[in-house]
Amino acid sequence: MEEVIRIKGQKLLEGTIHISGSKNLCVALIPASILARDVVVIHNIPPISDVYSLVEILEQLGICVEYHQDTLIIDSSNVKYHDLDMPAMERLRASYYFYSVLLGMYHKVTASGIGGCRLGERPIDLHIKAFEQLGTKFQKQENKYIFDGENLHAGHIIFDKISVGATINAILLAIQIKGKTIIENAATEPEITELCKFLSKMGATIEGLGTDCIVIKGGKTLHGTTFYNIPDRIEVGTYALIGAATAKNLIIKNVIKEHIQALLDLFDILEVDYSIKENELQVRKSKIKKGIIVLTAPYPGFPTDLQQPLTSFLAVNEGTSVIIESIYTNRFAHIKELNEMGANINVTNMNIIIHGVKELRGLVVNGKDLRGAASLVIAGLIAKGETVVRGLEYINRGYENMIKKLRKVHANIELCIEDFGDN
Ligand code: EPU
């Protein structure tokens with residue numbers, strides 16, 4: 001038996017959706033909070049399964065955690081070292097932020113693997129090189145990563161590729177080391193800037209926020225603080241695309257305009273009917289008459305995390321569009337499912353070529369990763385007839401109450417239990 005999402009498509013949506021706190025920021029804030037060895041309060045934490053996995057890891061490290069409504073209270077005054085070999089480490093990728101945190105605190109870390117969606121190759125060489133630049137000795141023994149931080153020192157890191165995770169891990173280690181560390185070619189995602197603000201509130205000295213050169217004067221004693229997580233810009237984008245595909249009028253609240261500028265630029269080119277004021281975005285179903293070429297790129301470029309939702313939206317456009325997926329070598333699991341629903345999409349050399357079709361038809365489809373599963377929900381809302389989306393566990397990793405939020409705006413969508421006889 002399996003929980004699935006059942007959707008009867010082609011319903012005009014109308015109403016308000018409130019955006020939850022950012023997944024990709026909170027998965028960094030939670031490990032970083034330990035550095036205070038004190039009480040840290042973080043508001044606007046979404047109840048998604050990645051958060052519960054991180055809380056499980058905190059508890060194994062002897063940390064007291066309370067989670068009420070959307071507020072997480074983390075008391076790490078009694079934190080103790082534990083090898084990072086818990087099963088929860090393998091449920092998400094961001095668990096590797098514990099590497100840098102514990103390495104700086106205890107000068108050693110033994111870890112087993114990390115998890116995360118399968119999107120093609122996702123090495124961690126840039127993280128390891130950054131740690132090495134800061135004096136870490138690294139070895140891999142069978143399936144274990146062993147980091148020796150007995151001789152940590154400040155340093156100069158120049159990334160040869162932009163990486164969100166490696167930038168965050170470099171920051172989390174550097175702020176614990178006495179002296180000045182410079183990080184060049186850093187990623188500039190808003191989640192990184194916000195993490196730096198959080199660390200600064202805890203007492204760290206970090207300059208260059210929002211730029212690709214971050215300068216850290218490390219070794220300060222950190223202390224507890226209170227912080228408010230930002231709205232999830234990828235959740236905004238997902239619902240904005242749903243609105244552009246299916247809504248009479250969808251009002252999306254808790255939006256930071258600057259964080260979704262790349263999507264708004266695309267909406268402008270496609271002449272999507274939307275308006276934005278203060279922190280509210282309104283989107284209406286729009287007849288798109290032309291194709292577009294989109295390149296996914298690090299922030300402020302068009303986010304790879306919206307590539308899959310955008311593919312579903314463009315699948316029923318007039319014209320031919322191309323999305324060049326420049327970040328991941330294999331973030332295409334949704335394409336086969338969309339084609340089975342009647343889309344006409346080819347992938348060659350990381351280029352997704354979408355020939356718009358008149359309509360999609362409902363089917364049983366398999367979500368195989370977080371944003372891919374969300375893109376199939378979008379396809380189900382667009383499609384004629386009934387769609388069943390499998391892979392709900394992926395959606396629950398990153399979207400708070402997607403079914404409830406969509407029902408509130410009159411989508412014909414429900415959670416069902418089905419037996420497919422294959423699990
Ligand atoms: N890369 C390397 N070596 C490394 C690290 C990364 O070659 O050591 C490569 C990756 O394989 C990829 C590129 O660099 O081709 C960028 O990866 P990055 O490290 O920036 O990604 P990440 O930190 O693993 C975060 C988000 C992802 C989002 C990417 C890109 C979190 C927890 N995850 O991943 O979010 O796609 O940045 O913006 O912050 C999602 O939310 O669905 C998601 C996958």
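Residues numbered from 1 in each chain as written. Predicted model: local features only at pLDDT ≥ 70, side-chain atom pairs only at ≥ 80, totals over all residues. Heavy atoms only, no water.

Asks: Go over helix H5 (residues 164–174) with me, naming the residues and quoting the values.
Replies: One full turn of an α-helix is made of 3.6 residues, so residues set three or four places apart face in the same direction. Of all 11 residues in H5, 10 are buried, a share of seventy percent or more. Turning to H5, its buried residues are Gly165, Ala166, Thr167, Ile168, Asn169, Ala170, Ile171, Leu172, Leu173 and Ala174. Near the N-terminus of H5, the side chain that reaches the backbone nitrogen of Gly165, with its oxygen 3.5 Å away, is that of Ser163. (Buried < 20%, exposed > 50% of the residue type's maximum accessible area, 1.4 Å probe, protein only. Helix = DSSP H or I, 4+ residues; strand = E, 2+ residues; numbered from the N terminus. Polar contact = N/O pair within 3.5 Å; in protein donor to acceptor, adjacent residues only side chain to side chain.)

Asks: Quick one: what's the story with the sheet that holds strand E15 (residues 273–277), residue by residue and with numbers?
Replies: By definition, the strands of a sheet pair up through backbone hydrogen bonds, in either a parallel or an antiparallel sense. Here we have 4 strands laid out as an open sheet, ordered E2-E14-E16-E15, and mixed in their pairing. Of all strands in the sheet, those bounded by a partner on one side alone are strand E2 (13–18) and E15. Between one strand and the next, the sheet's axes are offset by a mean angle of 10°, whatever the strand orientation. Pairing analysis gives 4 bridges linking strand E14 (residues 247–253) to strand E16 (residues 280–284), with the strands arranged antiparallel. Counterpart to Lys253 in the pairing with E16 is Glu280. In this fold helix H7 (residues 233–246) packs onto E2, E14 and E16, with an angle of close to 165° to the strand it touches most, E14. Along the sheet face, helix H8 (residues 261–270) touches E15 and E16 and points at about 140° away from the line of E15. (Pairing = 2+ DSSP bridges. Axes fitted to C-alpha atoms, helices over the stretch in contact; angles between N-to-C directions. Contact = heavy atoms within 4.5 Å.)

Asks: Outline the environment of Tyr97, listing residues and values.
Replies: Turning to its location among the elements, Tyr97 is positioned in helix H3 (residues 97–106). For Tyr97 and Gly165, which are 68 residues apart along the polypeptide, the C-alpha to C-alpha distance reads 7.9 Å. In this structure Tyr97 touches Val27, Ala28, Pro31, Val164, Gly165, Ile168, Asn169 and Leu172, once residues within four positions along its chain are discounted.

Asks: Pulling in residues and values, what's your account of the pattern of salt bridges?
Replies: One pass over the structure, following the stated rule, counts 21 salt bridges. Lys287 is the partner of Glu318 in a salt bridge, and the nearest nitrogen-oxygen pair spans 3.4 Å. Taken as a pair, Glu318 in the loop between helix H9 (307–315) and strand E18 (320–324) and Lys287 in the loop between E16 and strand E17 (293–295) lie far apart in primary sequence, 31 residues in all. A cluster of three or more residues bridged by salt bridges with shared partners is formed by Arg6, Glu386, Glu414 and Glu418. (Salt bridge = Lys/Arg side-chain N within 4 Å of Asp/Glu carboxyl O.)

Asks: A description of the packing of aromatic side chains should follow, citing residues and the corresponding values.
Replies: Within this structure, the stated rule accounts for 11 aromatic pairs. Summarising the aromatic geometry, the rings of Phe138 and Tyr145 are spaced 5.9 Å apart at their centres and angled 40° between planes, so their arrangement reads as tilted. Summarising the aromatic geometry, the rings of Phe138 and Phe147 are spaced 5.1 Å apart at their centres and angled 40° between planes, so their arrangement reads as tilted. Through pairs of rings, three or more aromatic residues link up here, namely Tyr99, Phe131, Phe138, Tyr145 and Phe147. (Phe/Tyr/Trp six-rings, centres within 6.5 Å; stacked < 30°, edge-to-face > 60°.)

Asks: Let's hear about the domain arrangement of the protein chain: which residues, and what values?
Replies: The domain boundaries assigned to the protein chain delineate domain 1 (2–13 + 257–270 + 287–418) and domain 2 (23–228). Using C-alpha coordinates to define each centre, domain 1 is positioned 31 Å away from domain 2. Summed over both partners, the interface of domain 1 with domain 2 comes to about 1600 Å²; 54% of that surface belongs to carbon and sulfur atoms. Per-residue buried area on domain 1 facing domain 2 is highest for Tyr299, Tyr328 and Arg397; these three make up 41% of the total on that side. (Domains from an automatic or database assignment. Buried area = accessible area lost by both parts, 1.4 Å probe.)

Asks: Any chance you could break down the environment of Ala373 for me, citing the residues and the numbers?
Replies: Mapped onto the secondary structure, Ala373 falls in helix H11 (residues 370–382). Sequence separation of Ala373 and Gly391 is 18 residues, and the distance between their C-alpha atoms is 6.5 Å. Discounting chain neighbours no more than four positions away, the residues touching Ala373 are Gly367, Val389, Gly391, Tyr394 and Ile395.

Asks: Describe in detail the packing of helix H1 (residues 23–33) against H3, supporting the description with residues and values.
Replies: To characterise two packed helices, one gives the angle between the axes of the helices and the distance between these axes. Relative to each other, H1 and H3 sit at 20°, their axes nearing to 9 Å. By the angle between their directions, the pair H1 and H3 is classed as roughly parallel. Crossing of H1 over H3 shows right-handed handedness. Across the interface between the two elements, Val27, Ala28, Pro31 and Ala32 from H1 touch Tyr97, Phe98 and Val101 from H3. For the contact of H1 with H3, the residue count by class is 7 nonpolar, no polar and no charged. (Parallel < 35°, antiparallel > 145°, perpendicular 65-115°, else oblique. Left-handed = near helix turned anticlockwise from the far one by under 90°. Nonpolar A, V, L, I, M, F, W, Y, C, P; charged D, E, K, R; others polar.)

Asks: How would you sum up the sheet that holds strand E6 (residues 108–111)? Please name residues and give values.
Replies: Pairing is antiparallel across the open sheet formed by 3 strands, whose spatial order is E6-E8-E7. The open sheet has two edge strands, E6 and strand E7 (137–141), and neither has a second partner. Going from strand to strand, the sheet's axes swing by 10° on average, the running direction of each strand aside. The sheet contacts of H3 involve E6 and strand E8 (144–148), and relative to E6 the element is tilted by about 145°.

Asks: I'd like a description of unusual backbone geometry, backed by residues and values.
Replies: A negative phi holds for most residues other than glycine; trans holds for most peptide bonds. Here the residue pair Tyr299 and Pro300 is connected by a cis peptide bond, since its omega of 10° sits within 30 degrees of zero. Along the chain, Pro300 falls in the loop between E17 and H9. Despite not being glycine, Asn401 has its phi angle at roughly 45°, a positive value. Checked against the element boundaries, Asn401 lands in the loop between helix H12 (392–398) and helix H13 (402–408). Classification of Asn401 as partly exposed rests on a relative accessible area of 38%.

Asks: Residues and numbers for the site of the ligand, please.
Replies: For the ligand, the set of nearby residues contains 26 residues, the closest of which are Asp125, Ser163, Asp305, Ile327 and Arg371. The side chain of Tyr96 places a nitrogen or oxygen atom 3.4 Å from an oxygen atom of the ligand. One nitrogen or oxygen atom from the main chain of Pro123 is found 3.2 Å from an oxygen atom belonging to the ligand. For the ligand, whose unbound accessible area comes to 820 Å², protein coverage reaches 91%. Residue assignment for the shell around the ligand shows that the elements contributing at least two residues are H1, helix H4 (125–133), H5 and H11. The residue inventory of the shell around the ligand, partitioned by class, reads 12 nonpolar, 5 polar and 9 charged. Formed jointly, the shell around the ligand draws a minimum of three residues from each of two domains, domain 1 (2–13 + 257–270 + 287–418) and domain 2 (23–228). (Near = heavy atom within 4 Å. Areas by Shrake-Rupley, 256 points an atom, 1.4 Å probe, with all protein chains shown as cover.)

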